[in-house]
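Here's the letter readout for the chains.
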Amino acid sequence: MIVWLNGPSGVGKATVTAELCRRAPRARAFDAERIGWVLQRTAGLLRPALPSKSGVRPGDYRDLPAWRAATVAAAARQARGADPLLVPMTMLRRGHLEEILGALRDRGHEVRHVLLDVSAPALVERVEADDGPDARGWRLEDLGAYLTARRDLRPLGAVIDTDELYPDEVADALEDLIKGWRAPSGT
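What counts and how
Residues numbered from 1 in each chain as written. Predicted model: local features only at pLDDT ≥ 70, side-chain atom pairs only at ≥ 80, totals over all residues. Heavy atoms only, no water. Helix = DSSP H or I, 4+ residues; strand = E, 2+ residues; numbered from the N terminus. Buried < 20%, exposed > 50% of the residue type's maximum accessible area, 1.4 Å probe, protein only. Contact = heavy atoms within 4.5 Å. Areas by Shrake-Rupley, 256 points an atom, 1.4 Å probe, with all protein chains shown as cover. Core = buried A, V, L, I, M, F, W, Y, C linked by side-chain atoms within 4.5 Å. 1 Å grid on protein atoms, 1.4 Å probe; cavity = no way out; pocket = protein on both sides within 12 Å on 5 of 7 lines; lining within 4 Å. Points joined across faces, edges and corners; volume = space filled by probe spheres on them. Nonpolar A, V, L, I, M, F, W, Y, C, P; charged D, E, K, R; others polar.

**Student:** I tried to follow the overall build of the chain on my own but got confused; where do I start?
**Tutor:** From N to C terminus, the chain includes 7 helices and 5 strands. When the helices and strands of the chain are listed from N to C terminus, the series reads β-α-β-α-α-β-α-β-α-α-β-α. The buried share among the 187 residues of the chain stands at 40%. Pairs at least 24 residues apart make up 79% of the contacts formed inside the chain by residues separated by at least 6 positions. Working note: accessible area of the chain is about 10,000 Å², and carbon and sulfur atoms make up 51% of it.

Printed below as a string of structure tokens:
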């Protein structure tokens, strides 16, 4: 099973993934951002000088078809030895997310989407309390995009409202979802 953990930057996707990997010996994390970092550093694929007709926003590797295809191939390969494979990755463009999830399903994987949702005030509070000041700016910049996209993302799978939950409680909720998906129907 592949579980795509979506949500805004700073909601706790990586923290919850680390906690589930600690709890479940066969759970594995897949960092799709690494593929993006490679693309950003090779051949200047994301230079701001990209022509506007490319359809790619400068700097956002998630808009590159090459990133989406490589993410599918790498996640499918990593999923072979994992149970589950957890992919903590913000995807705000529904079409791109559906493309990736559909391609993974076409390869025979059970794929679940979980949106870790959060209100704007709760996320701002978390971001401001974070020890890493370098991330504060872009996390807060991404908040508006998330608030716009969340309505389109909620119907794509399960939603966990994280406003009043500590990270271990979010991990508990996700663990319960995974157990429910694995349970034979009718039980």
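**Student:** How should I be thinking about the nonpolar core in this particular structure?
**Tutor:** Looking at soluble globular proteins, one finds that nonpolar side chains tend to be buried together. In terms of nonpolar packing, the biggest core is built from 29 residues, with Trp4, Phe30, Trp67, Leu85, Val87, Met89 and Leu104 touching the most fellow members. Listed by contribution, the elements that provide at least two residues to this core are β1 (2–6), α2 (33–41), α3 (65–79), β3 (85–88), α4 (94–106), β4 (111–117) and α6 (133–153). Looking at which element gives the most residues to this core, the answer is α3, with 6 residues. Excluding its chain neighbours within four sequence positions, the residues that come into contact with Trp67 are Ala32, Ile35, Gly36, Leu39, Tyr61, Arg62, Met89, Met91 and Ile100. With 22 residues, the next largest nonpolar core counts Met1, Leu5, Val11 and Trp181 among its residues.

**Student:** How do you make sense of the layout of surface pockets when you look at a structure like this?
**Tutor:** In this approach a probe as big as a water molecule rolls over the atoms, and the regions it shows empty are the leftover space. For the largest pocket, the calculated volume is near 1,100 Å³. What lines the largest pocket is a set of 42 residues, among which Ser9, Lys13, Glu33, Thr90 and Trp138 lie closest to the centre. In terms of residue class, the lining of the largest pocket is built from 20 nonpolar, 10 polar and 12 charged.

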